[in-house]
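# Analysis of the macromolecular model
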Amino acid sequence: MCKVFFLIDATLYAYKSFYIINYKKKNIDFKKSLSIFWNMIFSKYKFCKPNYLLFIFDYDRNNFRKKLYKKYKSNRKKVPKELIFYIASIKLFFDTFGIKYLSYPEVEGDDVIGSLIYKIKSLFLDQNYLIYILSYDKDFLQLVNDKVHLFISNKEILNPKCIYNKYGVYPNLIKDLLVLCGDKSDNIPGIKGIGIKKATILINNIGNIESIYQNLYKIKYLKISNYNNIIRNLKLNINKVNLWYSLINIKLDIKININFCKFKVNNLFFFKIFSFLKKFSFYR
């Protein structure tokens, strides 16, 4: 029997459920947002019926990436106090129901999820298992393999083949792709003049970042416009590339000591939650 794990990017779902209801509204509707938060999780639960649910929250924005690069995510708007209160309310709801969630200082939720995947692999190595990451953050593409899929929406679950068809490279080269073309959401600039199309040509014909720098002369033989500018910009940014790679790379070695039995879930779990929401007239 296959053990199915849901690793949930809870901070992302908190943001999404908040802004779906409260975008540009003066009166914040926390009840509707909380109901939508649970409905989004439940819709995916019904689809896969996982054995384990693990909710992972970001600790705060002061993490090791921010220390490495002050401009990391500096392009994002300041988090409104209403959203901070809403996330705190979700955690209080979790505490009330005895629902376990994970959050570690100085690292992002991405790193906790990456380390959980590594831990599950080591603990359940001899068993049949499948992990779904519930998120649409493209940083998680690098973690996808035959045992780990990215659950973007109810209509789209990405496995390695899907990622190749969509991005032109396999998951093990996603980090190299993002280093070359940048990641606007995290304020990582990438190499000027290289978009996704040119980045995939470089990777598929030469290899990863290290191979590209070792074989810069090969770029002029590829069907890429302005190849001289690309070679020059790669040389100019050689000292920054390692930094960007460190920012994009998800850590797999966070020490996580948990008992997975405490994260087991069944239909009764959601029945209790929705009974509570209904009793207190939450939005359905």
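Use the structure listed above.
Note that the structure is predicted; figures quoted are calculated from it, not measured.

Cut-offs applied
- Residues numbered from 1 in each chain as written.
- Predicted model: local features only at pLDDT ≥ 70, side-chain atom pairs only at ≥ 80, totals over all residues.
- Heavy atoms only, no water.
- Core = buried A, V, L, I, M, F, W, Y, C linked by side-chain atoms within 4.5 Å.
- Buried < 20%, exposed > 50% of the residue type's maximum accessible area, 1.4 Å probe, protein only.
- Helix = DSSP H or I, 4+ residues; strand = E, 2+ residues; numbered from the N terminus.
- Phe/Tyr/Trp six-rings, centres within 6.5 Å; stacked < 30°, edge-to-face > 60°.
- Lys NZ or Arg CZ within 6 Å of the ring centre and 35° of its normal.
- 1 Å grid on protein atoms, 1.4 Å probe; cavity = no way out; pocket = protein on both sides within 12 Å on 5 of 7 lines; lining within 4 Å.
- Points joined across faces, edges and corners; volume = space filled by probe spheres on them.
- Nonpolar A, V, L, I, M, F, W, Y, C, P; charged D, E, K, R; others polar.
- Arc of directions from axis to C-beta.
- Contact = heavy atoms within 4.5 Å.
- Pairing = 2+ DSSP bridges.
- Salt bridge = Lys/Arg side-chain N within 4 Å of Asp/Glu carboxyl O.
- Axes fitted to C-alpha atoms, helices over the stretch in contact; angles between N-to-C directions.
- Parallel < 35°, antiparallel > 145°, perpendicular 65-115°, else oblique.
- Left-handed = near helix turned anticlockwise from the far one by under 90°.

## So, the nonpolar core
Core analysis: the biggest nonpolar cluster contains 63 residues, and L54, L116, L180 and L234 have the highest contact counts within it. Sort the elements by how many residues they give to this core and helix α7 (residues 174–181) lands first, with six residues. Counting residues in each nonpolar core, the second largest holds 38 residues, with L53, F93, F94 and I99 among its members.

## Here we look at the packing of aromatic side chains
In this structure the tally under the stated criterion is 37 aromatic pairs. Ring centres of F37 and W38 lie 5.5 Å apart, and the angle between their planes is 90 degrees; on these two criteria the pair is classed as edge-to-face. Consider the rings of F269 and F270, whose centres lie 5.1 Å apart with planes at 80 degrees: the pair is edge-to-face. For K44, the ring lying beneath its charged end belongs to F151, and the centroid distance is 6.0 Å. Across the ring face of F64, the terminal group of K251 is positioned such that the distance to the ring centre comes to 5.4 Å.

## A look at the layout of surface pockets
Taken as a whole, the largest pocket spans an internal volume of roughly 1,200 Å³. What lines the largest pocket is a set of 36 residues, among which T11, Y15, R61, R76 and V79 lie closest to the centre. Residues that form the lining of the largest pocket fall into these classes: 13 nonpolar, six polar and 17 charged. The space that makes up the second largest pocket amounts to roughly 310 Å³. Among the residues forming the lining of the second largest pocket, the class breakdown is nine nonpolar, five polar and three charged.

## Some details on helix α6 (residues 160–167)
Within the sequence span of α6, burial applies to P160, I163 and Y167. Mapping the buried residues of α6 onto a view down its axis gives an arc of 60 degrees, with all of them on the same face. The exposed set on the far side of α6, more than 90 degrees from its buried face, consists of K161 and N165. On its buried face, α6 is in contact with β6 (156–158), α7 and α8 (196–205).

## A word on the pairing of strand β2 (residues 52–56)
For β2, the buried fraction is high: five of the five residues fall into the buried class. Taking every second residue as pointing to the same face, both faces of β2 are buried, with Y52, L54 and I56 on one and L53 and F55 on the other. The pairing of strand β1 (residues 3–9) with β2 spans five bridges and is parallel. Pairing of F5 across the sheet is with Y52, part of β2.

## Notes on the pattern of salt bridges
Across all of its chains, the model carries eight salt bridges by this definition. In this structure, the salt-bridge partner of D183 is K138, at a minimum N-O distance of 3.1 Å. Pair noted here: D183 is in the loop between α7 and α8 and K138 is in the loop between β4 (129–134) and β5 (148–153), with a separation of 45 residues, a long-range link. Owing to a relative accessible area of 0%, D183 belongs among the buried residues under this scheme. Among the salt bridges present, the one from K166 reaches E156, with a minimum N-O distance of 3.1 Å. Placement of K166 in helix α6 and of E156 in strand β6 is noted, with a sequence separation of 10 residues between them. Each of R65, K73, E108 and D111 takes part in one network of salt bridges that share partners.

## Some thoughts on the packing of helix α2 (residues 30–48) against helix α12 (residues 267–279)
The N-to-C vectors of α2 and α12 enclose an angle of 155 degrees; their axes lie 12 Å apart at closest approach. When the interaxial angle is binned, α2 and α12 end up roughly antiparallel. You can see that α2 and α12 cross each other, and the crossing is left-handed. Judged by residue contacts, S35, W38, N39, I41, F42 and Y45 of α2 engage N267, F269, F270, I273, F274 and L277 from α12. Residue classes in the contact of α2 with α12 are distributed as nine nonpolar, three polar and no charged.

## Notes on the sheet that holds β6
Think of a sheet as strands paired side by side through backbone hydrogen bonds, with each pair either parallel or antiparallel. On the basis of which strands lie adjacent, the open sheet formed by six strands has the order β3-β2-β1-β4-β5-β6 and mixed pairing. Since the sheet does not close on itself, it has two edges, and those belong to β3 (101–102) and β6, each with one partner. Sheet topology places β5 next to β6; three bridges connect them, and they run antiparallel. For S153, the partnering residue across the bridge sits in β6 and is E156. Along the sheet, helix α1 (residues 10–22) contacts β1, β2, β4 and β5; its crossing angle with β1, the most-contacted strand, is approximately 55 degrees.

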